[in-house]
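Listed below are the residues making up each chain.
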Amino acid sequence: MEIRDSARPLDGAGVSAFLRSLPARPDLLGLGEAVHFVTELGEARNEIFRYLVEHEGYRAFAIESDCLKGLLVDAYVTTGAGDLDEVMERGFSHGFGAFAPNRELVAWMREHNRRHGTSLRFFGFDGPLEYWAASPREALAGLYALVDGPPCAWDTIDELLGPDERWSDPATVMDPAKSVGQSEQARRLRLITDDLVTLLETQAPRLSPADRERAELYARTAVGLLRYHHWMADTSPARVSRLSAVRDALMAANLRAIAAHGPVLVFSHNLHLQRSRSTMRLGDQELEWWSAGALVGAHLGDRYAFIASALGTFGDDAPPAGTLEGALATLPYDRALADARALAAAVPGPARRESPHYAYFPLDPAHLDLIDGVLFLNRARVPDWPRQG
């Protein structure tokens with residue numbers, strides 16, 4: 001097979017042909033980033049989503065951003081509540097609100113809903129995390145307000161939480177001793193949270209669908225944050241692997257809930273959407289955990305599909321011959337969508353690309369059999385990294 005036989009130009013016909021090649025219609029279609037903040041990829045993503053909405057019945061978009069902050073964006077998209085500038089500033093984590101294609105997408109979703117009377121939905125599916133974790137206060141307060149007959153007074157929870165600053169201290173990243181995640185107060189909060197989650201499960205019929213959806217989001221977030229804080233305080237060699245695993249498990253739980261609004265386009269880093277086991281070297285440790293995509297795929301099967309992105313010339317760094325990206329660069333398209341398994345047959349045994357850009361993760365050719373499609377951009381600029389806040 002020739003490489004040209006495995007790929008099509010990235011356009012509506014190419015997207016439709018790719019979807020028809022899948023064994024089933026996916027509830028979640030993952031579109032991965034090889035590196036964050038690549039404008040060309042964000043623009044391609046927006047084009048793909050518009051086509052999916054207008055021609056394939058897609059009704060939701062999910063991004064690797066704080067799931068609670070995302071409620072502000074969803075309210076704006078669905079009802080027009082708030083101001084776009086404020087929504088972009090307060091509705092995203094990780095600096096993603098400053099990414100121009102995200103602003104363009106949010107504005108387009110709002111206008112589409114206004115014009116057509118539809119209800120396109122917007123979701124963040126990451127936890128309230130940067131490299132450290134936020135206080136569980138917001139999630140617990142939201143859950144507490146929606147259950148009937150909570151197990152204790154809010155004052156008890158407030159006292160156990162204490163100042164939010166002690167939970168969100170960035171110093172906990174490097175120093176487990178600074179974390180409160182395994183304190184007696186944290187242990188009691190985990191028990192109270194379990195009681196609140198149980199009450200939510202037993203009271204589901206009394207809540208409206210919207211309140212139940214929000215309460216379940218608060219419950220997942222509170223449980224996930226308290227688990228994450230527990231491992232922030234751990235001193236074993238497994239600490240970082242467990243933190244990574246807990247984060248991706250929360251992502252996966254959110255994605256499984258979002259799948260009920262499917263079909264959904266999910267946009268995140270390749271490393272979070274891949275089906276293969278994630279690995280990373282940190283000092284003399286080899287870290288391993290299952291990504292959110294692998295976890296979701298285990299539950300959804302063929303109803304989860306994954307398109308990984310790959311870059312050709314990135315800044316001044318051109319892909320060497322003999323690599324997967326080098327082979328893709330021979331295609332006569334600026335942007336291409338390839339069938340990953342056909343690509344593996346067309347390019348046997350390619351070397352893995354090495355990049356001088358620390359934030360760029362080239363595709364691992366050994367995992368092409370676990371990918372459904374590859375979105376290839378022949379040229380992309382190195383981002384100006386926005387400040388995270």
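Residues numbered from 1 in each chain as written. Predicted model: local features only at pLDDT ≥ 70, side-chain atom pairs only at ≥ 80, totals over all residues. Heavy atoms only, no water.

Looking up the protein chain in an unreviewed UniProt entry gives the name Erythromycin esterase-like protein, with the organism given as Thermopolyspora flexuosa.

Colleague: I keep staring at the packing of aromatic side chains and nothing clicks. Help me out?
Modeller: For any pair of aromatic rings, the description consists of the separation of the ring centres together with the inter-plane angle of the planes. All chains considered together, the criterion is met by eight aromatic pairs. Seen from their ring centres, F49 and W108 are 6.1 Å apart, and the 80° between their planes marks the pair as edge-to-face. Separated by 59 residues along the polypeptide, F49 in helix 2 (residues 39–56) and W108 in helix 5 (residues 100–116) bring together distant segments of the chain. The pair formed by F49 and W108 is uniform in burial state, with each residue classed as buried. By the ring-pair criterion, three or more aromatic residues cluster together here, those being F49, F61, F92, W108 and F122. Positioned above the aromatic ring of F267, the side-chain terminus of R45 is 4.7 Å from the ring centre. (Phe/Tyr/Trp six-rings, centres within 6.5 Å; stacked < 30°, edge-to-face > 60°. Helix = DSSP H or I, 4+ residues; strand = E, 2+ residues; numbered from the N terminus. Buried < 20%, exposed > 50% of the residue type's maximum accessible area, 1.4 Å probe, protein only. Lys NZ or Arg CZ within 6 Å of the ring centre and 35° of its normal.)

Colleague: Help me understand helix 1 (residues 12–21) in this model?
Modeller: Working note: α-helix, 3.6 residues per turn, so residues spaced by three or four point in the same direction. For helix 1, the full list of buried residues reads G12, G14, V15, S16, F18 and L19. Considering only its buried residues, helix 1 is in contact with strand 1 (7–9), strand 2 (28–33), helix 2, strand 8 (304–314), strand 9 (335–339) and strand 10 (373–380). With a side-chain oxygen lying 3.3 Å from the backbone nitrogen of A13, the N-terminal cap of helix 1 falls on D11. (Contact = heavy atoms within 4.5 Å. Polar contact = N/O pair within 3.5 Å; in protein donor to acceptor, adjacent residues only side chain to side chain.)

Colleague: What should I look at first to understand a negative patch on the surface in this one?
Modeller: A surface patch of like charges, here negative, comprises D194, D195, E201 and E216. A per-element tally of the negative patch places helix 8 (residues 184–202) first, with three residues. Here E201 is to be found in helix 8. Judged by its relative accessible area of 58%, E201 falls in the exposed class. (Patch = residues over 30% accessible without salt bridge, like charges linked within 9 Å, V, L, I, M, F, W, Y side chains within 5 Å. Areas by Shrake-Rupley, 256 points an atom, 1.4 Å probe, with all protein chains shown as cover. Salt bridge = Lys/Arg side-chain N within 4 Å of Asp/Glu carboxyl O. Lys, Arg positive; Asp, Glu negative; His and termini not counted. Charge placed at Lys NZ, Arg CZ, Asp CG, Glu CD.)

Colleague: It is not clear to me how helix 12 (residues 292–300) should be interpreted in this structure. Could you clarify?
Modeller: Among all positions in helix 12, only A292, G293, A294, V296, G297 and L300 are buried. Looking at the buried side of helix 12, the elements it contacts are strand 2, helix 10 (239–258), helix 11 (270–273), strand 7 (285–290) and strand 8.

Colleague: Would you mind going over the pattern of salt bridges with me for this structure?
Modeller: Opposite charge on two side chains permits them to pair, given that their charged atoms come into close proximity. Applying the stated criterion across every chain, the model contains 19 salt bridges. Where E111 meets R115, a salt bridge forms, and the shortest distance between an N and an O atom there is 2.8 Å. Taken as a pair, E111 and R115 lie in helix 5 at a separation of four residues, close to a single helical turn. Ionic pairing is found between R137 and D158, a salt bridge with its closest N-O pair at 2.7 Å. Of the two residues, R137 sits in helix 6 (residues 137–146) while D158 sits in helix 7 (residues 154–161), which places them 21 residues apart along the sequence. Among the charged side chains, a network of salt bridges with common partners joins E64, D126 and R247.

Colleague: Is there a simple way to explain the packing of helix 8 against helix 9 (residues 209–232) in this structure?
Modeller: Running from amino to carboxyl end, helix 8 crosses helix 9 at an angle of 160°, the nearest separation of the two axes being 10 Å. For the element pair helix 8 / helix 9, the angle class is roughly antiparallel. As for the relative orientation of helix 8 and helix 9, their crossing is left-handed in sense. Seen from helix 8, the contacting residues are L189, R190, T193, V197 and L200; seen from helix 9, they are A215, E216, A219, A222, V223, L226, R227 and H230. (Axes fitted to C-alpha atoms, helices over the stretch in contact; angles between N-to-C directions. Parallel < 35°, antiparallel > 145°, perpendicular 65-115°, else oblique. Left-handed = near helix turned anticlockwise from the far one by under 90°.)

Colleague: Help me understand the pairing of strand 7, please; the structure alone is not making it clear to me.
Modeller: Along any regular strand, the residues point their side chains to alternate faces of the sheet. Across six bridges, the pairing between strand 6 (residues 277–282) and strand 7 is antiparallel. Bridge pairing in strand 7 links L282 to Q285. (Pairing = 2+ DSSP bridges.)

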